[in-house]
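Each chain is listed here by its residues.
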Amino acid sequence: MQLLDFSPIILGAAFVAGEELSEDLLRHLTLNSILSYRKKFKSYGSMIIGFDDRNYWRKDIHPGYKGQRAAAKEASSFDWLSFYKYQDAIKDELSSVFPYHWIQIPRLEADDIIGHLAITAKEPTVVISPDGDFDQTMRNPRVRVYSTLKKKLVIVTGK
């Protein structure tokens, strides 16, 4: 099984688009990335795309959770309002038009969902994300992690 963290994929596509950001370009770049990973890891079987819920539980416990990101967004010249509108449209299409499996659970981030699926996987699994926190999922010997930042499978020493 392939477990893909959607947020960093679409954010990366948006930053590649830069000032040329449009819904069509964002869709194109995002779908190309998803298809590329799907093909690269086809030996792991079907892909499941994890979506973040907007109202996640960590904000209840830590009101400042990811709070510094809001200030950075405010100071940025990036068009966040358009990005979120485009992201919602593309996400809706992924879940209704395209042949991809996806999962979103109320109050959870995709990281939580993907982490649980990986730790409990009964089949060979690859987690596709830039998030270093997924290294711990390799406690399950069936799991590998592909870092989209490093562009390679992660090797954990002392495992």
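See the structure shown above.
Residues numbered from 1 in each chain as written. Predicted model: local features only at pLDDT ≥ 70, side-chain atom pairs only at ≥ 80, totals over all residues. Heavy atoms only, no water.

## Examining the pairing of strand S5 (residues 143-147)
For step 1, the next point in the chain: Among the five residues in S5, four count as buried, and that is most of the element.
For step 2, the next point in the chain: As defined by bridge partners, strand S4 (residues 125-129) adjoins S5 across five bridges and the pair is classed as parallel. For threonine 125, the partnering residue across the bridge sits in S5 and is valine 143.
For step 3, the next point in the chain: Across two bridges, the pairing between S5 and strand S6 (residues 152-153) is antiparallel. The residue bridging tyrosine 146 from the neighbouring strand is leucine 153, located in S6.
For step 4, the next point in the chain: Hairpin connection between S5 and S6: a loop of four residues separates the two successive antiparallel strands, and lysine 151 in this loop has a positive phi of roughly 60°. (Buried < 20%, exposed > 50% of the residue type's maximum accessible area, 1.4 Å probe, protein only. Helix = DSSP H or I, 4+ residues; strand = E, 2+ residues; numbered from the N terminus. Pairing = 2+ DSSP bridges.)

## Topic: unusual backbone geometry
For step 1, the next point in the chain: One non-glycine residue, arginine 107, lies in the positive phi region at around 75°.
For step 2, the next point in the chain: Mapped onto the fold, arginine 107 is located in the loop between strand S3 (101-103) and helix H6 (110-119).
For step 3, the next point in the chain: A relative accessible area of 31% means that arginine 107 is categorised as partly exposed.

## Let's talk about the packing of aromatic side chains
For step 1, the next point in the chain: Under the defined criterion, the tally for this structure stands at 13 aromatic pairs.
For step 2, the next point in the chain: Ring geometry for tryptophan 80 versus phenylalanine 83: centroids 5.7 Å apart, planes at 85°, classification edge-to-face. Of the two residues, tryptophan 80 and phenylalanine 83 are both situated in helix H5 (residues 80-96); the distance of three residues between them amounts to about one turn of the helix. Accessibility classification places tryptophan 80 together with phenylalanine 83 in one group, the buried group.
For step 3, the next point in the chain: Here the aromatic residues Phe15, Phe78, Trp80, Phe83 and Tyr84 are joined through ring pairs into a cluster of three or more. (Phe/Tyr/Trp six-rings, centres within 6.5 Å; stacked < 30°, edge-to-face > 60°.)

## Topic: the nonpolar core
For soluble globular proteins, nonpolar side chains are generally found buried alongside one another.
For step 1, the next point in the chain: With 27 residues, the main nonpolar core has Leu26, Ile34, Ile49 and Leu94 as its most contacted residues.
For step 2, the next point in the chain: Contributions of two or more residues to this core are made by helix H1 (6-17), helix H2 (23-40), strand S2 (47-50), H5 and S4.
For step 3, the next point in the chain: Tallying contributions element by element places H1 first for this core, with six residues.
For step 4, the next point in the chain: With residues up to four places along the chain from it excluded, the contact list for isoleucine 49 reads Leu4, Phe6, Ile34, Leu94, Tyr100, His101, Trp102 and Ile103.
For step 5, the next point in the chain: By size, the runner-up hydrophobic cluster in this structure holds twelve residues, among which are Ala118, Val143, Val145 and Val154. (Core = buried A, V, L, I, M, F, W, Y, C linked by side-chain atoms within 4.5 Å. Contact = heavy atoms within 4.5 Å.)

## A closer look at the sheet that holds strand S1 (residues 2-5)
For step 1, the next point in the chain: Spatial ordering of the open sheet is given by S3-S2-S1-S4-S5-S6, a layout of six strands whose pairing is mixed. Across the chains shown, the open sheet's two edge strands, defined by having one partner strand only, are S3 and S6.
For step 2, the next point in the chain: Of the strands in this sheet, S1, S2 and S4 touch H1, which is tilted by about 55° from S1. (Axes fitted to C-alpha atoms, helices over the stretch in contact; angles between N-to-C directions.)

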